[in-house]
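Secondary and tertiary structure notes
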Amino acid sequence: ALELLPAGERDWVSAAAVAILGAGRKGDPAAIFALKSRFDRLEHAPEPTGPYAFTMFMLAITFSQLGQRSIALALDERLDVADGGSDGLDPSFAGWRDIVRAVICDKPRADAIAEGLRASRAAVAALEEAGDQLGQGVAGGWLARCLSLVGDQAAAEERARATLTLIDRTRNLFTRKRVAN
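Being a predicted model, the structure only gives us computed values, none of them experimental. (Residues numbered from 1 in each chain as written. Predicted model: local features only at pLDDT ≥ 70, side-chain atom pairs only at ≥ 80, totals over all residues. Heavy atoms only, no water.)

Moving on to the packing of helix H5 (residues 91-106) against helix H6 (residues 113-130). Two numbers describe how H5 lies on H6: the axes approach to 7 Å, and their chain directions differ by 155°. Accordingly, the angle class assigned to the pair H5 and H6 is roughly antiparallel. For the crossing formed where H5 meets H6, the hand is left-handed. Contact residues: Pro91, Ser92, Ala94, Gly95, Trp96, Asp98, Ile99, Arg101, Ala102 and Cys105 in H5; Glu115, Gly116, Arg118, Ala119, Ser120, Ala122, Ala123, Ala126, Leu127, Glu129 and Ala130 in H6. Within the contact of H5 with H6, the residues separate by chemical class into 12 nonpolar, four polar and five charged. (Axes fitted to C-alpha atoms, helices over the stretch in contact; angles between N-to-C directions. Helix = DSSP H or I, 4+ residues; strand = E, 2+ residues; numbered from the N terminus. Parallel < 35°, antiparallel > 145°, perpendicular 65-115°, else oblique. Left-handed = near helix turned anticlockwise from the far one by under 90°. Contact = heavy atoms within 4.5 Å. Nonpolar A, V, L, I, M, F, W, Y, C, P; charged D, E, K, R; others polar.)

Written out as structure tokens, the structure is:
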């Protein structure tokens with residue numbers, strides 16, 4: 001589908017997220033690097049939308065898991081450029097952008113767990129405002145992880161339970177597996 005859509009447009013960005021999921025499912029990191037390169041070659045950054053930030057999240061978590069710290073950090077910087085410091089952002093974009101920040105604080109920047117905690121709380125709030133239940137489940141999982149990492153086990157368990165309830169209510173099995181671990 002990527003070849004059939006205008007590069008960088010909203011539908012192209014959404015198709016890229018699906019391609020990332022497919023490559024991850026097949027265990028094909030080369031395809032994920034190739035998809036990231038396609039974003040690198042865009043003439044203009046995509047609009048700051050929820051699908052764009054979600055796709056950057058998919059790439060950031062993948063590259064974090066692959067130990068590619070500099071790439072994950074660059075993806076966060078890319079989202080900063082896209083938002084241009086605007087106050088009137090799409091709350092879905094803001095929420096997924098903050099999940100990216102939580103991801104990079106957890107893996108590539110383990111020294112920044114306070115920022116990860118702040119970002120995951122902001123992501124939960126923004127995605128609640130956007131009505132993005134998938135995002136709320138993902139953000140809630142990262143918030144539970146960050147709370148655990150700072151030693152607040154009671155709050156981490158409470159957040160994990162609330163997130164699992166949301167995930168079960170929305171039948172989001174993809175996110176359930178992440179939060180349950």
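Moving on, there is more to tell.
Moving on: the environment of Val13. Relative to the assigned elements, Val13 resides in helix H1 (residues 10-26). In this view, Val13 contacts Gly8, Phe39, Pro46, Pro51, Tyr52 and Thr55; residues no more than four positions away in its chain are not counted.

For any two helices packed against each other, the geometry comes down to the angle between their axes and how far apart the axes lie. Helix H3 (residues 50-65) packs onto H1 with a crossing angle of 25° between their chain directions and a minimal axis gap of 8 Å. For the element pair H1 / H3, the angle class is roughly parallel. Judged by the sense of rotation from one axis to the other, the crossing of H1 with H3 is left-handed. Note on element contacts: H3 touches H1 through Pro51, Tyr52, Phe54, Thr55, Met58, Leu59 and Thr62, opposite Arg10, Val13, Ser14, Ala16, Ala17, Ile20 and Leu21. Looking at the contact of H1 with H3, its residues break down into 10 nonpolar, three polar and one charged.

Moving on, we get to the packing of aromatic side chains. Per the counting criterion, the structure on display carries six aromatic pairs. With a centroid separation of 4.8 Å and 75° between ring planes, the pair formed by Phe33 and Phe63 is classed as edge-to-face. Here the residue Phe33 occupies a position in helix H2 (residues 29-40), and Phe63 occupies one in helix H3, the gap between them amounting to 30 residues. Judged by its relative accessible area of 0%, Phe63 falls in the buried class. The structure contains a cluster of three or more aromatic residues connected by ring pairs, namely Trp12, Phe39 and Tyr52. (Phe/Tyr/Trp six-rings, centres within 6.5 Å; stacked < 30°, edge-to-face > 60°. Buried < 20%, exposed > 50% of the residue type's maximum accessible area, 1.4 Å probe, protein only.)

What follows is about helix H4 (residues 69-83). Taking 1.5 Å as the rise per residue, H4 with 15 residues should run 21 Å; its terminal C-alpha atoms sit 22 Å apart, in good agreement. Positive phi appears at Gly84, one or two residues downstream of H4, with a value of about 55°. (Expected span 1.5 Å × (residues − 1).)

Another aspect to go through is the confidence of the model for the protein chain. Per-residue confidence for the protein chain averages 86 on the pLDDT scale, and 90% of its residues sit at or above 70. Model confidence for the protein chain, summarised as mean pLDDT per element, is weakest for helix H9 (residues 173-180) at 53 and strongest for H2 at 92. (pLDDT = per-residue confidence, 0-100.)

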